[in-house]
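Here is what each chain is made of, one letter per residue.
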Amino acid sequence: MEISETDAAPSLASRILNTIITLEEVLLSILLTIMILLACYQIGLRWFTSGGLAWIDPLLRYLVLWSGLLGAVLATARNNHIALDAVSYLLQRRLKLWVHLLVDGFCVLVSVFLFRATLLFIKSEIEYGGPGLFGLDTWLWFLIFPLAFGMILLNFSIDAVSTLSNLLRGPEPDKR
């Protein structure tokens, strides 16, 4: 959902969103680099010492979880998520916007339910979960679930509001 405004200086909201997207990209890059280095280190230890460090494999599992969900957030923010678009190229602009708004509304609704489910999951982990890696409770490692689905919900909500704004603004004048 990278926002760029052509005829005016970028608004505060668009600068904030673009900054968040940049931070997500940096964090995801750092996580992927750490994952690659740790995996290579573990493989090297197994080859040369016939063993490895016991904490690397569970940490890699958590990092895969975090990077996968952060990747989903980033894909949603950039509007690069998986979408089935069989007929929108046949629709006129206004009807296409209505379909887009309907899809965004559905995505917001699903995201609300997923966000709520992740909050219930974290609550359950706080109550019944035990110690996780490095002595941190498991719920801390799973905080990525509500964070990611909350960001996805935010991204779809912003997109829905933007689409609604375009619908209310009316047809764009011809640019020649």
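Novice: Sorry, what's going on with the overall build of the protein here?
Specialist: From N to C terminus, the protein includes five helices and zero strands. Listing each helix as α and each strand as β along the protein from the N terminus yields α-α-α-α-α. Residues classed as buried in the protein amount to 30% of the 176 residues present. Considering only contacts in the protein between residues 6 or more positions apart, those separated by 24 or more positions represent 69%. As displayed, the protein offers around 11900 Å² of accessible surface, 70% of which is attributable to carbon and sulfur atoms.

Novice: Teacher, can you tell me more about unusual backbone geometry here?
Specialist: The phi torsion of most residues other than glycine is negative, and most of the peptide bonds are trans. Here Ser50, not a glycine, exhibits a phi torsion of approximately 55°, which is positive. On the secondary structure map, Ser50 appears in the loop between helix H1 (12-49) and helix H2 (56-77). In this structure Ser50 comes out as exposed when scored by relative accessible area, which is 71%. The phi torsion at Phe134 lies on the positive side, around 60°, for a residue other than glycine. With respect to the helices and strands, Phe134 occurs in the loop between helix H3 (93-128) and helix H4 (138-141). Assessed through its relative accessible area of 51%, Phe134 is described here as exposed.

Novice: Before we go on, may I ask you to explain a nonpolar patch on the surface in this structure?
Specialist: Together, Tyr41, Leu53, Trp55, Phe134, Leu136 and Leu140 give the surface a local cluster of nonpolar side chains, amounting to about 540 Å² of exposed area. Here Trp55 is to be found in the loop between H1 and H2. Overall, Trp55 belongs to the partly exposed group, its relative accessible area being 34%.

Novice: Looking at this model, I keep getting lost on H2. Mind explaining?
Specialist: Every α-helical turn comprises 3.6 residues, leaving residues that sit three or four positions apart pointing alike. Helix length check: H2, at 22 residues, gives a terminal C-alpha distance of 31 Å against a target of 32 Å (1.5 Å per residue), a fit within 8%. Check the buried side of H2 and you find it contacts H1, H4 and helix H5 (144-169). Asn79 occupies a position one or two residues after H2 and carries a positive phi of about 65°.

Each value, and the rule that gives it
- Residues numbered from 1 in each chain as written.
- Predicted model: local features only at pLDDT ≥ 70, side-chain atom pairs only at ≥ 80, totals over all residues.
- Heavy atoms only, no water.
- Helix = DSSP H or I, 4+ residues; strand = E, 2+ residues; numbered from the N terminus.
- Buried < 20%, exposed > 50% of the residue type's maximum accessible area, 1.4 Å probe, protein only.
- Contact = heavy atoms within 4.5 Å.
- Areas by Shrake-Rupley, 256 points an atom, 1.4 Å probe, with all protein chains shown as cover.
- Patch = residues over 30% accessible without salt bridge, like charges linked within 9 Å, V, L, I, M, F, W, Y side chains within 5 Å.
- Salt bridge = Lys/Arg side-chain N within 4 Å of Asp/Glu carboxyl O.
- Expected span 1.5 Å × (residues − 1).

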